[in-house]
There are 2 protein chains.
Amino acid sequence: MRRTVSIFGSTGSIGRNTVDLLLRQGGADVYDVKVLTGARNIKLLAEQAILLDAEIAVTAASSLLDALVKALDGTGIIATAGGDALRDAAKIKVDWAMSAIVGSAGLAPTIEMAKHAGILALANKESLVCAGELIKATCAKSGCTLLPVDSEHCAIYQALAGGENRDISRIILTASGGPFRNWTSDQMADATLEQAMAHPNWDMGQRISIDSATMFNKALEVIEAHQLFDVSADQIEVIVHPQSIIHSMIEYNDYSVIAQMAAPDMRGAIGFALNWPERPPLPVKQLDFATISQLDFATPDETRFPALRLARRVLEIGGLAGAVFNAAKESALDRFISADIGFLDMAQLVETVLESLHVKAGRSSSLEGLETVMAIDKEAREMGQQWMPE
Amino acid sequence: MRRTVSIFGSTGSIGRNTVDLLLRQGGADVYDVKVLTGARNIKLLAEQAILLDAEIAVTAASSLLDALVKALDGTGIIATAGGDALRDAAKIKVDWAMSAIVGSAGLAPTIEMAKHAGILALANKESLVCAGELIKATCAKSGCTLLPVDSEHCAIYQALAGGENRDISRIILTASGGPFRNWTSDQMADATLEQAMAHPNWDMGQRISIDSATMFNKALEVIEAHQLFDVSADQIEVIVHPQSIIHSMIEYNDYSVIAQMAAPDMRGAIGFALNWPERPPLPVKQLDFATISQLDFATPDETRFPALRLARRVLEIGGLAGAVFNAAKESALDRFISADIGFLDMAQLVETVLESLHVKAGRSSSLEGLETVMAIDKEAREMGQQWMPE
């Protein structure tokens, strides 16, 4: 029996690496690929679908249905398009599903995957940030195993090794510090899109690379860690570790620290989730500590990187503050990418939106349902679009 | 019901720390202390026995029985002495036993502990080096849980977190490098006892401190790791890590590395074994990575530290090569302590003895029994005593 799998967001950075691993591990001979989804890169989506002999290929962009149909002509692979098609595809029962759509657009399909997949490999951190309680409750009800694919949370998962988290005193998330680790505030104020995208260690998509430069990515990960491992804000520490070798650590009550390390290659975390609980070899570089020679650590500067302070504020507000924070962050990112606001404006925008909506966010919960989450997401996003720098 | 415990070697460095933890965790109110044993420090042994309200105190030195009887006069604590008394005391059934006698003298009582204790906390690494198969077979038969107390092996045990070791590709033992890490061979040739005892990180007994300076301690640990975790010589790597923060690491087939870290304080490993599988707070320093700032790694220099090469040779020979190696090392250590041979002579002595006895050692096994092990130990020790530097 081949294992049934789906990849949501297969043309992005995580998705491409997932396809790569599936192919290296036997492709269609080993895996019965049900669904691949992408957005605008129809050529790649069709190529992947053909290589893996997928059953269905879905593009999120309705306008590109014809192009997808044409690209898959004669292959027998079904082409669909649009948000409803995405959700329908997520309702197909599979042994293993990868949720790797970027941003809160991934939330609706992720909830369906949590209902219908045996294992949900979750790279879409926004699902947990915006609707952690809902995702967890859905998995608990369906019996779906949630495996985090973010390298930091995968590290914590591995460090815990199936153990209890009741004895955890602290989670230590490592952060590379991004391309602006040693920049001054003045330099950062003038940072260009290209500079923000030049991540020193990780080869990632555009949006997450910029989120690493602002450390908004780490802020999302703080909220994600809170949701996944049931730890409070004061139990989560962020430490700058420029080499990105230690992917994160847990500390127990007896002050014993367990760290997971690996070369900075997303195929480590993706492969872990794909093969769990087995650990076959993966195409990642072996660590050689004599060559590595040195690992460094430093306290993050929250003046230049206010995102970390805002993450704690999100946990303090609770409720749907994560959804507000993420939507505001996404609109800030859109505006920075289109050169509408400066690099440091992003955090100011997010803070303003978060404080404007904090009472409303604090009163609500993702357990009220996806509509409630998407409503406050929309409100925060609109506020973000209207925000003007002082 | 109080937990029944015994400590063999309670007046040494590990023993004193074990007593300290028992007292901090409630002493005689919580623990029903059956046996404490020591050698020549009768005053401390009697003090510990009284503090913990032990049932029996044993001194390994028969000549000191009168002194022990006198020191315990009126306390109701039974005093015994000598090798047979030690073995008899190890036959008393307890929930938890600490084996912390230094050297191969700890072997006979450790085998009895493995028969009669629910959990055997093993700090006497020589037991595993000299008679690993016998100890493991004894534990398997009695149902005794073996918990390593060496900080490196405790680290590996924690990193594994009860998981399978079939997926392990490598064990990476860290070594501080000892006081002579940056010394030249010429400087090392003239090293004094006092210099060899000045360990940079760990506060330990005299013998193990010198074994750290020669890296014979790490060589014993390589053999110990082989016995405990069923890994071959080429799966065990030693890396110099001067800060002694990472206590050791395991690498899985997928090149994911799990490391255990803690402040260099033996109460971490002792407390782990004492409280396992619980993890209450321990009186060890919390790690602060911003203050630590840097962790360094380097390849060990096997020219200056031949002990590591000899450890691989021991695994290659197999059989009782570990017993020969350890006995030769102990006699070399005795002779260095009494200023009879120089620092670098120790490794030469051990290599000569090991090669002289390698055929005989390779043909035998500790499963033949303690007598066989002790016979080859005696032979190696005598050879070591007669060895002369060229």
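Residues numbered from 1 in each chain as written. Chains lettered and ligands numbered in written order. Predicted model: local features only at pLDDT ≥ 70, side-chain atom pairs only at ≥ 80, totals over all residues. Heavy atoms only, no water.

Caption draft 1: The arrangement of the overall build of chain A in detail. Secondary structure summary: chain A contains 18 helices and twelve strands in total. The globule rule puts the C-alpha radius of gyration for 390 residues at 21 Å, and the 20 Å found for chain A is close to it. Projecting the C-alpha coordinates of chain A onto the three principal axes gives extents of approximately 55 × 50 × 40 Å. The buried share of chain A, taken over its 390 residues, is 59%. Counting only carbon and sulfur atoms, one obtains 50% of the accessible surface of chain A, whose full area is about 14800 Å². Side-chain charges in chain A split into 33 positive and 49 negative, and the spacing between the mean points of these groups amounts to 3 Å. (Helix = DSSP H or I, 4+ residues; strand = E, 2+ residues; numbered from the N terminus. Rg over C-alpha atoms; globule rule 2.2 N^0.38 Å. Buried < 20%, exposed > 50% of the residue type's maximum accessible area, 1.4 Å probe, protein only. Areas by Shrake-Rupley, 256 points an atom, 1.4 Å probe, with all protein chains shown as cover. Lys, Arg positive; Asp, Glu negative; His and termini not counted. Charge placed at Lys NZ, Arg CZ, Asp CG, Glu CD.)

Caption draft 2: Fine view of helix H4 (residues 83-90) of chain A. All names here are of chain A. For H4, the set of buried residues is Ala85, Leu86, Ala89 and Ala90. One face of H4 carries all of its buried residues, which in axial projection span an arc of 140 degrees. Tucked into the core, H4 has its buried residues touching strand E1 (3-8), strand E2 (31-38), strand E3 (56-59), strand E4 (78-81) and helix H5 (107-116). (Arc of directions from axis to C-beta. Contact = heavy atoms within 4.5 Å.)

Caption draft 3: Representation of the confidence of the model for chain A within the structure. Residue-level pLDDT values for chain A average 96, and 100% of them are 70 or greater. Scored by ipTM, the complex comes to 0.96, with pTM at 0.96. (pLDDT = per-residue confidence, 0-100.)

Caption draft 4: How the structure looks around the interface of chain B and chain A. Between chain B and chain A, the contact holds 42 residues from the first and 42 residues from the second. Summing the contributions of chain B and of chain A, the shared interface buries around 3600 Å²; its carbon and sulfur component is 54%. For the pair chain B and chain A, the interface holds 17 residue pairs in polar contact (both at pLDDT 80 or more). Contributing elements (two or more residues each) for the side of chain B that touches chain A: helix H7 (151-160), strand E8 (168-175), strand E10 (246-252), strand E11 (257-261), helix H13 (289-292) and strand E12 (294-296) of chain B. Examining the composition of the side of chain B that touches chain A, we find that five residues originate from one element, E11 of chain B, more than from any other. Classifying every residue of the side of chain B that touches chain A gives 25 nonpolar, eight polar and nine charged. In this structure, strand E12 (residues 294-296) of chain A lies alongside E12 of chain B, joined through three bridges in antiparallel fashion. The residue of E12 of chain B that forms the bridge with Asp296 of chain A is Gln294 of chain B. (Buried area = accessible area lost by both parts, 1.4 Å probe. Polar contact = N/O pair within 3.5 Å; in protein donor to acceptor, adjacent residues only side chain to side chain. Nonpolar A, V, L, I, M, F, W, Y, C, P; charged D, E, K, R; others polar. Pairing = 2+ DSSP bridges.)

Caption draft 5: Region of the structure containing the relation of the copies chain B and chain A. Rotating chain B by 180 degrees and translating it 0.0 Å along the rotation axis places it on chain A, where the RMSD comes to 0.0 Å. As the rotation angle and translation indicate, the two copies are arranged about a two-fold axis. The overlap is high: 100% of the interface residues of chain B also sit at the interface in chain A, so the same surface is used on both sides. (Least-squares fit on C-alpha atoms with pLDDT ≥ 70 in both.)

Caption draft 6: Region of the structure containing the sheet that holds strand E11 (residues 257-261) of chain A. Taken in spatial order, the eight strands make up an open sheet running E9(A)-E8(A)-E10(A)-E11(A)-E11(B)-E10(B)-E8(B)-E9(B), and their pairing is mixed. One side of each edge strand has no neighbouring strand; the edge strands of this open sheet are strand E9 (236-240) of chain A together with strand E9 (236-240) of chain B. Taking each pair of neighbouring strands and ignoring which way they run, the sheet shows an average axis angle of 20 degrees. Relative to strand E10 (residues 246-252) of chain A, strand E8 (residues 168-175) of chain A runs antiparallel, the two sharing five bridges. Bridge pairing in E10 of chain A links Ile171 of chain A to Ile250 of chain A. Lying over the sheet, H7 of chain B contacts E11 of chain A together with E8, E10 and E11 of chain B, oriented at roughly 45 degrees with respect to E10 of chain B. (Axes fitted to C-alpha atoms, helices over the stretch in contact; angles between N-to-C directions.)

Caption draft 7: Representation of the pairing of strand E4 (residues 78-81) of chain B. Residues and elements named next belong to chain B. Bridge analysis of strand E3 (residues 56-59) against E4 gives four bridges, and the strand direction is parallel. Of the residues in E4, the one forming a bridge with Val58 is Thr80. Where the polypeptide runs from E3 across helix H3 (residues 65-71) and back to E4, its parallel neighbour, the crossover connection is right-handed. (Right-handed = clockwise from strand over helix to strand, strands pointing away.)

Caption draft 8: Structural view of the environment of Asn182 of chain A. All names here are of chain A. Note on placement: Asn182 falls in the loop between E8 and helix H8 (185-189). Considering only alpha carbons, one finds Asn182 and Ala46, 136 residues apart in sequence, at a separation of 42 Å. Every residue in contact with Asn182, bar those within four places of it in the chain, is listed here: Gln187 and Arg304.

Caption draft 9: Expanded view of the packing of helix H14 (residues 307-317) of chain B against helix H15 (residues 321-337) of chain B. Residues and elements named next belong to chain B. At a minimum axis distance of 8 Å, the contact between H14 and H15 shows a crossing angle of 150 degrees. When the axis of H14 is compared with that of H15, the two are roughly antiparallel. Residues Ala307, Leu310, Val314 and Ile317 of H14 form the contact with H15, whose participating residues are Ala321, Gly322 and Phe325. Of the residues in the contact of H14 with H15, the class split is six nonpolar, one polar and no charged. (Parallel < 35°, antiparallel > 145°, perpendicular 65-115°, else oblique.)

Caption draft 10: The sheet that holds E4 of chain A, seen in detail. Residue and element names in this part refer to chain A. Here seven strands make up an open sheet; going across it, the order is E4-E3-E2-E1-E5-E6-E7 and the pairing parallel. Whereas interior strands pair on both sides, the edge strands pair on one side only; in this sheet they are E4 and strand E7 (145-148). The average undirected angle you get between the axes of adjacent strands in this sheet is 15 degrees. As paired elements, strand E6 (residues 117-122) and E7 share four bridges and run parallel to each other. Bridged to Leu120 within E7 is Leu146.

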